[in-house]
Amino acid sequence: MGEELRLPIAADVDVVEARQQGRALAAVAGFSSGEQTVIAAAISEIARNILMYAKKGEIILGLVQNGDRQGVSVVAIDQGPGIPDIDRAMQYGYSTSHGVGAGLPGAKRLMDEFEVDSVVGRGTTITMKKWRRSI
Amino acid sequence: MADTKRSMSVSTRASEAPALTESSAGLLRELVAHLRQNRTQLREEWARRITRAELLTAMTEEEIFAEATAVYDNYVEALETGTFEALQAYSRRLSERIIPRGVETDEVVGIVLLLRDVLARSLFNKYQDNVEKLNRILDSYEPAANRIANTVAVGFVEERERIIRQQQEAIRELSTPVLQVRERLLILPIIGVIDPQRARQLTEQLLRAIRANRAKVVVIDVTGVAAMDSGVANHLVQTVEASRLLGATVIVTGLSPEIAQTLVTIGVDLSEMATVGDLQGGIEEAERLLADRAAPTATPVREIAPESQR
Amino acid sequence: MEVPILRQGQYLIASIQSALTDADLSHLREALIAQVGRSRCRGVIVDVTALDVMDSFAVRTLRDIAHMARLRGAETVIVGIQPDVAFAMVQLGLTLKGVATVLDLEEGLAFLDSRTKATLDTKPKRGRG
Ligand SMILES: Nc1ncnc2c1ncn2[C@@H]1O[C@H](COP(=O)(O)OP(=O)(O)O)[C@@H](O)[C@H]1O
Ligand SMILES: [Mg+2]
């Protein structure tokens, strides 16, 4: 607990690096390989959004604990354009870039906790957590 | 994790700091020296009392003596240093070893209390001529001894809970087997109540089985499912989709018309799902699909449509 | 990381060897489409066994490959999606609808054989290209 991994996102290799580091951390936290994949996929989506919409930003990975439950937290921070209508952005299929529009709603579905904090002109922070099911 | 432990032991030391005045620190040192000097005799006495009290009956006398020695040394060290990490770690390892052999919580609490008793008696014998000093020694010994007993017991209980959860997990996995009835055909009969966690496990198990058995067709029979809400139904849809990604066609059987109607009403898209009335019919349909070598079971390429809206 | 594209009979086989960046994926798409046009092959197999994650960009690229190859007269089949990857994909809402997917390379070849044969049987006029 406490230690966190800060990963700059400024190029597409950084997206690959972030999801691989996320998978490794999830493995350390004892997540099953299925859950590691789920966490890596969610990181991939939000890291790509940083690159695509804000050009650069940061992913912060950490271990979290709540009572005897262990989990990983992923925070994505950018100082990009922000999201004007978060509710719409969270809808499956909504995209301002002719994308699939599955990134935000999909990541929300993959993780246990998901929070978007965005101010137009200031930037976006997405905080998500996944908790281990048992043991 | 490591940080949590560190901060825990810090607060431990802090909370006991008031008791550790100059003289009581000196008393603890004297106490530790006494326990070190009489190590052989005291741990033998302890092991004897454990056997006599019929605790740890699952273990041989040699094993009891070996563990007693280790616990004794850790105990004295915890008294001396006021830190509990080593003892905590040891009690966890000890629990790991003895829990599978059927040792119960009350036995572990029992042996730690016995040790406290053995040591207290020995202190009593040593200082019985000086009641005032005896009292002071016991005053500094008691809180530490209680804390040690607590550490060991909590370590044991936690480990036990962890093992129980692990066993429950294993039982869950066993309770829904993926059956291979013939080459490339799997049957997954789902029985009972499905919660989200169980649903996830079922899917993971099924997908691995598809790959391991190179299955082309899967029959999921939900006749035995007590109730199906939209969460479970959507999960079923996801399972069908994921199976297709591995090249297997899923046939769902045992979905009553009422349930199907309800699911459609609450907005679950069943259109992509092949459903057949009962298991027997499902297996026959699967056999047909498998026999039909000319038609590949992979979904034929249709017009490329955007991903379904969900 | 360049993805090798092999030709086997009437088919092109692209086997992804390691994690791919978005640029790698786009490059694969371009290279495959160019080769489908040049070689007039009948089928494309993309082997994704080595991918440990497939997100929306990867899925979209694979779908584009299938779509564009089809416009050039070739069927595409994706092979080797791992169980965990498939599960994460559907949870993300990515189902590769309209794109054929089978277990592995062997199945992929069998699938293309039966598809191209079926096409020849039902649409003889389309010829062999
Ligand atoms: N970090 C971000 N900064 C600004 N806008 C964002 C960010 N992330 C997402 N968005 C907006 O939310 C929309 C939906 O995102 P997403 O669900 O990932 O779909 P897609 O990326 O395919 O468009 C994007 O099209 C974009 O307008
Ligand atoms: Mg996106």
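Now for a look at the structure at hand. Only a predicted model underlies this, so the values are computations on that prediction, with no experimental measurement involved.

Within the secondary structure layout, Q20(A) lies in helix α1 (residues 12–28). As a C-alpha pair, Q20(A) and I43(A) span 23 residues in sequence and 9.1 Å in three-dimensional space.

This brings us to helix α3 (residues 83–92) of chain C. All names here are of chain C. Along α3, ten of the ten residues are buried, which leaves the element largely enclosed by surrounding structure. Looking at α3, one finds that the buried residues are P83, D84, V85, A86, F87, A88, M89, V90, Q91 and L92. Just past α3, the residue G93 takes up positive phi, approximately 90°.

It is worth spelling out the pattern of salt bridges at this point. Residue and element names in this part refer to chain A. Overall, the coordinates contain 35 salt bridges over all chains when judged by the stated rule. The salt bridge involving E58 is made with R6; its shortest N-O contact spans 3.1 Å. Of the two residues, E58 sits in strand β2 (residues 57–66) while R6 sits in strand β1 (residues 4–9), which places them 52 residues apart along the sequence. The partly exposed category is assigned to R6, whose relative accessible area is 47%.

Residues and elements named next belong to chain A. Strand order in the open sheet formed by five strands is β1-β2-β3-β5-β4, and the pairing between neighbours is antiparallel. Sheet topology places β1 and β4 (113–119) at the edges, where each strand pairs with a single neighbour. The mean angle between the axes of side-by-side strands here comes to 15°, regardless of whether they run parallel or antiparallel. Here β1 pairs with β2 via six bridges, running antiparallel. Counted as the bridge partner of L5 is L61 from β2.

Of all eight residues making up helix α4 (residues 103–110) of chain A, six are buried, and the element is well covered by its neighbours. Burial in α4(A) covers these residues: G103(A), L104(A), P105(A), G106(A), A107(A) and L110(A).

Further remarks concern the packing of helix α9 (residues 230–245) of chain B against α3(C). Between α9(B) and α3(C), the shortest axis-to-axis distance is 9 Å and the interhelical angle comes to 130°. It follows from the interaxial angle that α9(B) and α3(C) lie oblique. The handedness of the crossing between α9(B) and α3(C) is right-handed. Every residue of α3(C) that contacts α9(B) at H235(B), Q238(B), E241(B), A242(B) and L245(B) is listed here: A86(C), F87(C), M89(C), V90(C) and Q91(C). The residue makeup of the contact of α9(B) with α3(C), split by class, is six nonpolar, three polar and one charged.

So, about the site of ligand 1. Residues and elements named next belong to chain A. Not every one of the 18 residues close to ligand 1 is listed here, only the nearest: N49, Y53, S95, T96 and G101. Breaking the shell around ligand 1 down by element, the ones donating at least two residues are α2 (33–54) and α4. Top contributing element to the shell around ligand 1 by residue count: α4, with three residues. Counted by class, the shell around ligand 1 contains eight nonpolar, nine polar and one charged residues.

What counts, and at which threshold
Residues numbered from 1 in each chain as written. Chains lettered and ligands numbered in written order. Predicted model: local features only at pLDDT ≥ 70, side-chain atom pairs only at ≥ 80, totals over all residues. Heavy atoms only, no water. Helix = DSSP H or I, 4+ residues; strand = E, 2+ residues; numbered from the N terminus. Buried < 20%, exposed > 50% of the residue type's maximum accessible area, 1.4 Å probe, protein only. Salt bridge = Lys/Arg side-chain N within 4 Å of Asp/Glu carboxyl O. Pairing = 2+ DSSP bridges. Axes fitted to C-alpha atoms, helices over the stretch in contact; angles between N-to-C directions. Parallel < 35°, antiparallel > 145°, perpendicular 65-115°, else oblique. Left-handed = near helix turned anticlockwise from the far one by under 90°. Contact = heavy atoms within 4.5 Å. Nonpolar A, V, L, I, M, F, W, Y, C, P; charged D, E, K, R; others polar. Near = heavy atom within 4 Å.

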